[in-house]
Amino acid sequence: MRKTVAVGMVGCGFYAQNHLHAWSDLGAEGAVLSAVCDRDPARAEAAGAKFGVPHFTDMNAMLDKVEIGLLDIATRMDTHRELAAIAAERGVPAVVQKPFAPTWEECIAIVEKARMHQSWLAVHENFRFASAMRAVKKVLTQGTIGTPTWARLSWRTGFDVYRGQPYLAEEEKLVIQDVGIHILDLARFFLGEVAHLSCETQKRNPRIRAEDTATIMMRHTSGAVSVVEATYGAKRGDDPFPETMLEIEGDGGSLILTKGEKMTVTTQGLTFEDQVGGPLLHWTSRPWHVSQEAVLHTNRHMFERVRDGLPADTSGEDNLKTYALVEAAYEAARSHAAVKPALWLPKA
């Protein structure tokens, strides 16, 4: 008999709608959306009615009344520590939306709490699960371009992100923590861990509080060098939002990913092109589809790993390595010096 997992969705706001649609689609595979929760009663009720499940305004109440096998926590990051602690204490597997938490110390506290209770924990780091990024990873894993030695990963847009998420304009940390974290995770995913990094930030939009542009250079432990670019302040006619542009050079070739999810691979003197994006889903639309379909693949991964009793690729412990790059980038921007990312050592 196929094993099913009852999913409880915590947070029903702007981006969480994509999580809800993804879980609804995955019901056919055994991930059954069973309850929703949001502290805003109207949002909770609307999501419950739309997806035909009970709705709650308190996560404890939801867990008391509905047997949940996986919590998807897609709330503001300042709530993650409290909610993840409840999940850990109750022994309920939880996936937490990125950013993991507002600070490095809180991220560690969340991970250590889950370890204390031997509770499954992951971070919803969805960029690496997008169809195009999986295609890039496959090329690298197959050794088609040899060993990667240099890369540029670029997220440059002028899309009005503040319209859908107005709170971003008031954040004390912005582009590195909000979207740069995704691109830094991709750099780890493709090139491995980081020995040290340098960073320069800019605030080019006078109406926001924090940085909207970051340029980060990293030396990976493999010897490879990468440049990570992230900005919400680009002004270009052919805006690629929300796509990530890539250039990766290896000792046997190169790979370039351009707008429209077109991948160009050069190897052994030959060049090949391929469209590597996923098809539109019944609930996705351009330009958001690139991000939306990545949520579906991420949710599927989380469900399968919980079902099979295995850690997620983006476990809480793994995501600390990505969050350490975020912290190091801010420190490098303040000090104008190269910074080694922090290393978390689990307590005995």
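See the structure above.
It should be emphasised that the depicted structure is a prediction, and the values quoted were computed from it without experimental measurement.

Engineer: Give a detailed account of the nonpolar core, specifying residues and quantitative values.
Structural biologist: One broad trend across soluble globular proteins is that nonpolar side chains are buried collectively. Leu71, Phe100 and Phe190 are the most contacted members of the largest nonpolar core, which totals 89 residues. Looking at this core element by element, the count peaks at 11 residues for helix α8 (residues 175-191). If near-sequence neighbours (up to four positions away) are discounted, leucine 71 is found in contact with Gly8, Val10, Met59, Met62, Leu63, Ala87, Val92, Pro93, Ala94 and Val95. Judged by nonpolar contacts, the second largest core, of 28 residues, contains Ala16, Val53, Val95 and Ala122.

Engineer: Quick rundown of the packing of aromatic side chains? Include the residues and the values.
Structural biologist: Enumeration according to the criterion identifies eight aromatic pairs in this entry. Taking 3.8 Å as the distance between ring centres and 0° as the angle between the ring planes, the aromatic pair formed by phenylalanine 159 and phenylalanine 241 counts as stacked. With a gap of 82 residues between them, phenylalanine 159 in the loop between β7 (148-156) and α7 (161-164) and phenylalanine 241 in the loop between β10 (225-231) and β11 (245-250) connect regions that are remote in the sequence. Measuring from ring centre to ring centre gives 6.5 Å for tyrosine 162 and tyrosine 232, while their planes differ by 75°; the resulting arrangement is edge-to-face. Placement of the pair is tyrosine 162 in helix α7 and tyrosine 232 in the loop between β10 and β11, with a sequence separation of 70 residues. Taken as a pair, tyrosine 162 and tyrosine 232 share a single burial class, namely buried. The structure contains a cluster of three or more aromatic residues connected by ring pairs, namely Phe14, Phe127, Trp155, Phe159, Phe241 and Trp288. Across the ring face of tyrosine 167, the terminal group of arginine 76 is positioned such that the distance to the ring centre comes to 4.0 Å. We note lysine 173 situated over the ring of tyrosine 330; from NZ or CZ to the ring centre the distance is 5.0 Å.

Engineer: Tell me about the sheet that holds strand β8 (residues 194-202), residues and numbers included.
Structural biologist: Two modes of strand pairing occur in sheets, parallel and antiparallel, and in both the strands are linked by backbone hydrogen bonds. An order of β8-β9-β10-β7-β11-β12-β13-β14 is seen for the eight strands of this open sheet, with the pairing classed as mixed. Two strands close off the open sheet at either side, each with one partner strand: β8 and β14 (270-275). The average undirected angle you get between the axes of adjacent strands in this sheet is 10°. Pairing analysis gives six bridges linking strand β13 (residues 262-267) to β14, with the strands arranged antiparallel. Each residue of the ladder has a partner; that of lysine 262, found in β14, is glutamine 275. Running at roughly 180° to strand β12 (residues 253-258), helix α6 (residues 131-141) makes contact with β7, β11, β12 and β13 of the sheet.

Engineer: How would you summarise the packing of helix α1 (residues 16-26) against helix α9 (residues 289-308) if you had to cite specific residues and measurements?
Structural biologist: The N-to-C vectors of α1 and α9 enclose an angle of 55°; their axes lie 9 Å apart at closest approach. Taken together, the axes of α1 and α9 lie oblique to each other. The interaxial crossing formed by α1 with α9 has right-handed handedness. In this structure, α1 uses Asn18, His19, Ala22, Trp23, Asp25 and Leu26 to contact α9, whose residues at the interface are Gln292, Val295, Leu296, Asn299, Arg300 and Phe303. For the contact of α1 with α9, the class distribution of residues is six nonpolar, four polar and two charged.

Procedures and definitions
Residues numbered from 1 in each chain as written. Predicted model: local features only at pLDDT ≥ 70, side-chain atom pairs only at ≥ 80, totals over all residues. Heavy atoms only, no water. Core = buried A, V, L, I, M, F, W, Y, C linked by side-chain atoms within 4.5 Å. Buried < 20%, exposed > 50% of the residue type's maximum accessible area, 1.4 Å probe, protein only. Helix = DSSP H or I, 4+ residues; strand = E, 2+ residues; numbered from the N terminus. Contact = heavy atoms within 4.5 Å. Phe/Tyr/Trp six-rings, centres within 6.5 Å; stacked < 30°, edge-to-face > 60°. Lys NZ or Arg CZ within 6 Å of the ring centre and 35° of its normal. Pairing = 2+ DSSP bridges. Axes fitted to C-alpha atoms, helices over the stretch in contact; angles between N-to-C directions. Parallel < 35°, antiparallel > 145°, perpendicular 65-115°, else oblique. Left-handed = near helix turned anticlockwise from the far one by under 90°. Nonpolar A, V, L, I, M, F, W, Y, C, P; charged D, E, K, R; others polar.

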